[in-house]
Amino acid sequence: MNVSLGDLITVMLAVLPLLLLTTSAFFALECLMALGKAQSATNLSTLPADLSLAVLVPAHNEAEGIATTLATILPQLRPSDRLLVIADNCTDATAEAARQAGATIIERHNVTQRGKGYALDFGINHLMANPPDIVVFVDADCDLQPHSLAALAIQAQHSQRPVQAVYLMEKPPSPGIKDGISAFAFKVKNWVRPLGLYRLGQPCLLTGTGIAMPWDAAIAVNIASGHIVEDMKLGLDLALAGYGPQFCQSAWVTSRLPSGNQAATTQRTRWEHGHLQMLSEYVPKLLGQALRQGRVDLLALALELAVLPISLQVMVTLAIAALCLVAALAGLSWLPAYIALGAVLALSAGVSLAWAGYGRSDLSLKDLLTVPLYVLNKIPLYFKFLVKPEKTWVRTERDG
């Protein structure tokens, strides 16, 4: 069979649009599945008496705000439950503030191994002598909403898998359009897409605070990590080990978007550079194991992880569509352009579905039209990934 040079060029030009169409269509499917009537919440306010529970709160220099976080956890604990704060490389009064609030404190000092993963590993090792049935991870800068602890623990016990709460960011007191866009993007990432995966019967990524898991899962993989997105890495390692995380729509955790531009940029850079690093490292692993073991759950996670941060997905999809259009107008095949157009339409459909179902409280339709400007402002962040990717964990500065 003779294959012309034009056919080869067409195939080469079509590969990237086809990948973008696949990931954009998967994103749109998640957003579609998240629509519709929410599942009625089951009364999960009471934990079984024989279910032992420990809550770990890793904290690095959180003296000013940790009492607020603990005040949302303590009322949800039973007398037999344990609340353990890991004061990790603290140079302030975090330990004393947590102790006064009613938590048990352990202190960790290791300046060469910094980050939440190492702190959680320290806490897990502390519990080894008397392990609980369920261990819950809550960050020191967030609020655990009422009844969420019971909802997480019961679902983790029933599923025997790690469980991720709905984790959302509140806007600053005087939010601008950029804050609304950030809150919407965070909502899509941490609520809409995981809910869509849950309704498809598939696992989700771990998105941060509000994580519960059976003890066997907690010790199944190495938690000690200084990776800049240690939660995402942990969830992927757990999935590969047979403990794919499950979304819990009955548990809610909230935190606050930083109001300062520098703090917001630091946080955004860490999240998005970390996602790109995980994509390059774990998508091949997930696909390989999905094929070897015949596991649809790993295939779903590979597709979920392969969706670029949405701003970057938009930029790349539009750029490739424009390139394919120019190539077609220059006399090459129109097939890559048609595939790229399909990717643009799928991505637009996904964003529109997410906004219609979940984003109207954050963005008006007029505000939504400014998203392209927000996307353009993030070009330096992605360019930095090419020349100097973020690799070191940096604590985001808190407001106040």
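Residues numbered from 1 in each chain as written. Predicted model: local features only at pLDDT ≥ 70, side-chain atom pairs only at ≥ 80, totals over all residues. Heavy atoms only, no water.

Taking an unreviewed UniProt entry as the reference, the protein chain is identified by name as Glycosyltransferase family 2 protein belonging to Leptolyngbya subtilissima DQ-A4.

Below, the discussion takes up the UniProt feature "transmembrane region" (unreviewed entry) in the protein chain. Mapped onto the present numbering, the UniProt feature "transmembrane region" (unreviewed entry) falls at residues 12-35, 298-331 and 337-358. When the span residues 337-358 is considered, its composition is 100% helix and 0% strand, and the gap between its end C-alpha atoms is 31 Å. (UniProt positions renumbered as here; feature names shortened; annotations may be inferred. Helix = DSSP H or I, 4+ residues; strand = E, 2+ residues; numbered from the N terminus.)

This next bit is on a nonpolar patch on the surface. A contiguous nonpolar surface patch, about 350 Å² in accessible area, is contributed by Val 11, Val 15, Leu 16 and Leu 19. Classification of Leu 16 as partly exposed rests on a relative accessible area of 39%. (Patch = residues over 30% accessible without salt bridge, like charges linked within 9 Å, V, L, I, M, F, W, Y side chains within 5 Å. Areas by Shrake-Rupley, 256 points an atom, 1.4 Å probe, with all protein chains shown as cover. Salt bridge = Lys/Arg side-chain N within 4 Å of Asp/Glu carboxyl O. Buried < 20%, exposed > 50% of the residue type's maximum accessible area, 1.4 Å probe, protein only.)

Okay, the pattern of salt bridges next. Summed over all chains, the structure comprises 12 salt bridges. Arg 108 serves as the salt-bridge partner of Asp 88, at 2.6 Å between the closest nitrogen and oxygen. Taken together, the residues span a long stretch of sequence, with Asp 88 in strand 2 (residues 82-88) and Arg 108 in strand 3 (residues 104-108) at a distance of 20 residues. Owing to a relative accessible area of 4%, Asp 88 belongs among the buried residues under this scheme.

Here we take up helix 2 (residues 66-73). Within helix 2, burial applies to Ile 66, Thr 69, Leu 70, Thr 72 and Ile 73. For helix 2, the angular spread of the buried residues around the axis is 155 degrees, confining them to a single face. Considering only its buried residues, helix 2 is in contact with strand 1 (53-59), strand 2, helix 3 (94-101) and strand 5 (143-144). (Arc of directions from axis to C-beta. Contact = heavy atoms within 4.5 Å.)

Here we come to the nonpolar core. One finds Val 55, Val 57, Leu 70, Ile 73, Val 85 and Val 136 to be the most contacted residues of the largest nonpolar core, which totals 41 residues. The set of elements that each furnish at least two residues to this core consists of strand 1, helix 2, strand 2, helix 3, strand 4 (134-137), helix 5 (148-159), strand 6 (163-170) and strand 8 (246-256). The element contributing the most residues to this core is helix 5, with 7 residues. Among all residues touching Val 55, those that are not within four sequence positions of it are Ile 73, Leu 77, Arg 82, Leu 83, Leu 84, Val 136, Val 138 and Leu 149. In this structure, Phe 26, Phe 184, Val 307 and Leu 368 belong to the second largest nonpolar core, which totals 24 residues. (Core = buried A, V, L, I, M, F, W, Y, C linked by side-chain atoms within 4.5 Å.)

With that settled, the discussion passes to the packing of helix 6 (residues 177-199) against helix 12 (residues 335-359). Interaxial distance between helix 6 and helix 12 falls to 11 Å at its minimum, and their mutual angle equals 95 degrees. Between helix 6 and helix 12, the angle falls in the class roughly perpendicular. Residue-level inspection shows Phe 184, Lys 187, Val 188, Trp 191, Val 192 and Leu 195 of helix 6 in contact with helix 12, the latter providing Val 351, Ala 354, Trp 355, Tyr 358 and Gly 359. A breakdown of the residues in the contact of helix 6 with helix 12 according to their chemical character gives 9 nonpolar, 1 polar and 1 charged. (Axes fitted to C-alpha atoms, helices over the stretch in contact; angles between N-to-C directions. Parallel < 35°, antiparallel > 145°, perpendicular 65-115°, else oblique. Nonpolar A, V, L, I, M, F, W, Y, C, P; charged D, E, K, R; others polar.)

For the rest of this paragraph, the subject is the environment of Leu 168. Looking at the secondary structure, you find Leu 168 in strand 6. Judged by relative accessible area, which is 12%, Leu 168 ranks as buried. Excluding its chain neighbours within four sequence positions, the residues that come into contact with Leu 168 are Phe 186, Lys 187, Trp 191, Trp 252, Val 253, Thr 254 and Ser 255.

For the structure on display, the rule yields 4 aromatic pairs. Between Trp 191 and Trp 252 the ring centres are 4.8 Å apart and the planes differ by 80 degrees, which places this aromatic pair in the edge-to-face class. Of the two residues, Trp 191 is situated in helix 6 and Trp 252 in strand 8; the sequence distance between them amounts to 61 residues. Residue Trp 191 is classed as buried on the basis of its relative accessible area of 18%. On the basis of relative accessible area, Trp 252 is assigned to the partly exposed category, the value being 28%. An aromatic cluster is present here, built from Trp 191, Trp 252 and Tyr 358 joined pairwise through their rings. A cation over a ring is seen here: Lys 189 above Phe 186, with NZ or CZ 6.0 Å from the ring centre. (Phe/Tyr/Trp six-rings, centres within 6.5 Å; stacked < 30°, edge-to-face > 60°. Lys NZ or Arg CZ within 6 Å of the ring centre and 35° of its normal.)

A few words on unusual backbone geometry. If you check the backbone angles, Asn 89 has positive phi at about 50 degrees while not being a glycine. If you trace the backbone, Asn 89 turns up in the loop between strand 2 and helix 3. The backbone of Gln 160 sits at a positive phi, close to 55 degrees, despite the residue not being glycine. Tracing the backbone shows Gln 160 in the loop between helix 5 and strand 6.

With 6 of 7 residues buried, strand 2 is to be regarded as a mostly interior element. Two strands pair when backbone bridges link them, and strand 1 and strand 2 are joined in this way by 6 bridges, in the parallel orientation. Pairing of Val 57 across the sheet is with Val 85, part of strand 2. What joins strand 1 to strand 2 is helix 2, and the crossover it makes is right-handed. Summarising the sheet, strand 2 and strand 3 pair through 5 bridges and their orientation is parallel. Within strand 3, the residue paired with Val 85 across the bridge is Ile 105. (Pairing = 2+ DSSP bridges. Right-handed = clockwise from strand over helix to strand, strands pointing away.)

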